[in-house]
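Observations on the model geometry
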Amino acid sequence: MEYEIRYKPAFAAIFLTLNPGDRITAEAGAMTSMDGKLTVKTEFSGGFIPGLLKKFFGGESLFVNTFHNQTQQPLTLVLTQSTIGDIVGVDLRGNSLCFQPGAYICHTSGVKLGVRWAGLKSWFSGEGLFKLQVKGQGKVFFGAYGGLTKKRVNGDFVVDTGHLVAYEPTIKMNVGLAGGLLGSMTSGEGFINRLTGTGEIYLQSRSISGLVSYLQPKLR
């Protein structure tokens, strides 16, 4: 399989060339165009029960689509995300990543989809009860609203909710108020993610919830 991420960083899209026998699994609705000879199979995301958990508690789609090249020639496929922003591809070598709702786009063979309990605090802050988790051997693609930054955490690090895109499970999240109750409400910061541990995280430069809050008064 060959790929190129074009139109970075604002309108990124993944242009894939699937060689004979190659397959890739993508979030429902991620396909923008494809060669008509590709075979498409729709299935539950990670299985029936994990799919239900991700749909109703994690904000993810219930189904995924697997694109398979069963011909003897290279075929093309273009995938993208619903938000405006950047996309990256990460190689998994037995390690795993957890995603915030809506970040995952697609993965190659050898990568497994699952769910990870995030906790009630995560749900109260609008982040969902469960996180999508990928692990195994292969490549996974995910995107963000705005630009993407990769950072190595070693100790404590604070991220505003809505800006954390992905993180390694060695990082522990504790969602709480930015300060005291009154200070958090008057400062506009509200909830924050307090991260502890050692591992890599990915941050997005913009927040969907921030955009919604900005637009709501103007639409009344």
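Note on numbering: residues in each chain are counted from 1, in written sequence order. In view of the model being predicted, local features appear only for residues whose pLDDT reaches at least 70, and side-chain atom pairs are presented and counted only at 80 or more, with totals across whole chains, interfaces and linings using the full set of residues. The side-chain figures draw on all heavy atoms in the structure; neither hydrogens nor water molecules are used.

**Here we look at the overall build of the chain**
Numbering of helices and strands starts at the N terminus; helices are DSSP runs of H or I of at least 4 residues and strands are runs of E of at least 2. Each helix and strand counted, the chain has four helices and 15 strands in total. Partly exposed describes any residue whose relative accessible area lies between the buried limit of under 20% and the exposed limit of over 50%, with all areas from a 1.4 Å probe on protein chains only and scaled to the type maximum. Put simply, the chain has 220 residues, and 43% of those count as buried. Two residues form a contact once any of their heavy atoms are found within 4.5 Å. For the chain, contacts bridging at least 24 residues in sequence account for 75% of all contacts bridging at least 6. For the chain, the accessible area works out to roughly 11,200 Å², and carbon and sulfur atoms hold 56% of it. Only the protein chains shown count as cover for residues, and the accessible areas themselves come from Shrake-Rupley with a 1.4 Å probe.

**Examining the nonpolar core**
The biggest cluster of nonpolar side chains holds 19 residues, and the ones touching the most others in it are Phe99, Val134, Phe142 and Val165. Of all the secondary structure elements, the ones that give two or more residues to this core are strand 8 (87-99), strand 10 (111-117), strand 11 (130-143) and strand 13 (164-167). The greatest single-element share of this core, amounting to five residues, is contributed by strand 8. One finds Ile5, Ala12, Leu18 and Cys106 within the second-largest nonpolar core, a separate group that totals 17 residues. The definition of a nonpolar core used throughout is a set of buried Ala, Val, Leu, Ile, Met, Phe, Trp, Tyr and Cys residues joined through side-chain atoms within 4.5 Å.

**Considerations on the pattern of salt bridges**
Side chains carrying opposite charge are able to pair once their charged atoms draw close together. The rule for a salt bridge is simple: a side-chain nitrogen of Lys or Arg has to be within 4 Å of a carboxyl oxygen of Asp or Glu. Under the defined criterion, the tally for this structure stands at five salt bridges. Residues Lys8 and Asp86 are paired through a salt bridge, measuring 2.7 Å at the closest nitrogen-oxygen approach. Remark: Asp86 occurs in the loop between strand 7 (75-79) and strand 8 and Lys8 occurs in the loop between strand 1 (2-6) and strand 2 (13-18); sequence separation between them is 78 residues. Given the relative accessible area of 8%, Asp86 is considered buried. With its nearest N and O atoms 3.5 Å apart, the salt bridge here joins Lys150 to Glu200. Linking Lys150 in strand 12 (residues 148-160) with Glu200 in strand 15 (residues 191-204), this pair joins segments that are 50 residues apart in sequence.

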